[in-house]
Amino acid sequence: NTSTIPERFVWAAGLLQHSPEENMLEIGCGVGLLVAQIAERITTGRVYAIDQSPSRVAKARKRNRGFIDQGKLYLEEAGFMEADLPLFFFHRIVAFNVNLFFQDPRQELAKIKTLLHPAGKLFLFYQAPFEIDADAAGPLVKNLEKYGFTILGIQCKQLNPTSAIGVIAKPI
């Protein structure tokens, strides 16, 4: 039921274009709204989701109990750098409104390279509390390129209440 899911997560899930057998990771899953959209499309693949907030992970577990019980979804309360995740496993890694990618994400991007499947892609989404355009992706693009990623696409979408951007990248 997408009527209760914020428009930004429906849009982001659509851009992932993942196959049912692919493995996915969401960094900073919050209360599990985007990961629910992702897990809905998974058959033989696996979805991992991490967040460092105990209360958010508890809400995500409750919201996604069915996917957890089916073995499709693994939820972990952990910071990204501390999380124990399988290497060269994920076809898609996604983060929505995870500010660390705007700062100096050298260590995080190095870890992402070790987690991505050889054909894997990184998707970074951001919706600010004010109106933005594609130029807002500039700092993300700069950091990704600085730390060994090539940009596959930049998306900007007018959403409610404000526009969101998405940057799609893969390791060089």
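First, a word on what this report is: a plain description of the structure on this page.

Conventions used here
Residues numbered from 1 in each chain as written. Predicted model: local features only at pLDDT ≥ 70, side-chain atom pairs only at ≥ 80, totals over all residues. Heavy atoms only, no water. Helix = DSSP H or I, 4+ residues; strand = E, 2+ residues; numbered from the N terminus. Rg over C-alpha atoms; globule rule 2.2 N^0.38 Å. Buried < 20%, exposed > 50% of the residue type's maximum accessible area, 1.4 Å probe, protein only. Contact = heavy atoms within 4.5 Å. Areas by Shrake-Rupley, 256 points an atom, 1.4 Å probe, with all protein chains shown as cover. Lys, Arg positive; Asp, Glu negative; His and termini not counted. Charge placed at Lys NZ, Arg CZ, Asp CG, Glu CD. 1 Å grid on protein atoms, 1.4 Å probe; cavity = no way out; pocket = protein on both sides within 12 Å on 5 of 7 lines; lining within 4 Å. Points joined across faces, edges and corners; volume = space filled by probe spheres on them. Nonpolar A, V, L, I, M, F, W, Y, C, P; charged D, E, K, R; others polar. Core = buried A, V, L, I, M, F, W, Y, C linked by side-chain atoms within 4.5 Å. Pairing = 2+ DSSP bridges. Axes fitted to C-alpha atoms, helices over the stretch in contact; angles between N-to-C directions. Salt bridge = Lys/Arg side-chain N within 4 Å of Asp/Glu carboxyl O.

1. A few points about the overall build of the protein
Inference 1: Across its full length, the protein carries six helices and seven strands.
Inference 2: Going from N to C terminus, the protein has its helices and strands arranged as α-β-α-β-α-α-β-β-α-β-α-β-β.
Inference 3: Here the C-alpha atoms of the protein give a radius of gyration of 15 Å, agreeing with the 16 Å that 2.2 N^0.38 yields for 172 residues.
Inference 4: With the principal axes as the frame, the protein shows a C-alpha extent of 40 × 35 × 30 Å.
Inference 5: Taken over 172 residues, the protein has a buried fraction of 51%.
Inference 6: Of all intrachain contacts in the protein linking residues separated by at least 6 positions in sequence, the fraction that spans at least 24 positions is 70%.
Inference 7: As displayed, the protein has an accessible area near 8,400 Å², and 49% of this comes from carbon and sulfur atoms.
Inference 8: Treating the 19 positive side-chain charges of the protein as one cloud and the 17 negative ones as another, the clouds have centres 2 Å apart.

2. So, the layout of surface pockets
Inference 1: Taken as a whole, the largest pocket encloses approximately 530 Å³ of empty space.
Inference 2: Lining the largest pocket are 25 residues, with Gly-28, Cys-29, Asp-51, Asn-97 and Val-98 positioned closest to its centre.
Inference 3: Of all the secondary structure elements, the ones that give two or more residues to the lining of the largest pocket are helix H1 (7-16), strand E1 (24-27), helix H2 (33-40) and strand E2 (47-51).
Inference 4: Of the residues in the lining of the largest pocket, the class split is 13 nonpolar, six polar and six charged.

3. Observations concerning the nonpolar core
Inference 1: In terms of nonpolar packing, the biggest core is built from 31 residues, with Leu-25, Ile-93, Phe-101 and Ile-112 touching the most fellow members.
Inference 2: Elements that contribute at least two residues to this core include exactly E1, E2, strand E4 (90-96), helix H5 (106-115), strand E5 (116-127), helix H6 (138-146) and strand E7 (164-171).
Inference 3: No other element matches the four residues that E5 contributes to this core.
Inference 4: Counting 29 residues, the second-largest nonpolar core is a separate cluster that includes Leu-33, Ala-39, Phe-96 and Ile-168.

4. A short note on the sheet that holds strand E3 (residues 73-77)
Inference 1: Taken in spatial order, the seven strands make up an open sheet running E3-E2-E1-E4-E5-E7-E6, and their pairing is mixed. Whereas interior strands pair on both sides, the edge strands pair on one side only; in this sheet they are E3 and strand E6 (149-157). Sheet twist, expressed as the mean angle between neighbouring strand axes with direction ignored, is 15°.
Inference 2: The sheet contacts of H1 involve E1, E4, E5, E6 and E7, and relative to E5 the element is tilted by about 155°.

5. Overview of the pattern of salt bridges
Inference 1: Under the counting rule described, the total for this entry stands at two salt bridges.
Inference 2: Arg-92 is the salt-bridge partner of Glu-22, the closest N and O atoms lying 3.9 Å from each other. Of the two residues, Glu-22 is situated in the loop between H1 and E1 and Arg-92 in strand E4; the sequence distance between them amounts to 70 residues. Of the two residues, Glu-22 and Arg-92, neither departs from the other in class, the shared state being buried.

6. Side note on H1
Inference 1: For H1, the full list of buried residues reads Phe-9, Trp-11, Ala-12, Ala-13, Leu-15 and Leu-16.
Inference 2: Downstream of H1 by a residue or two, Gln-17 has a phi angle that is positive, lying close to 45°.

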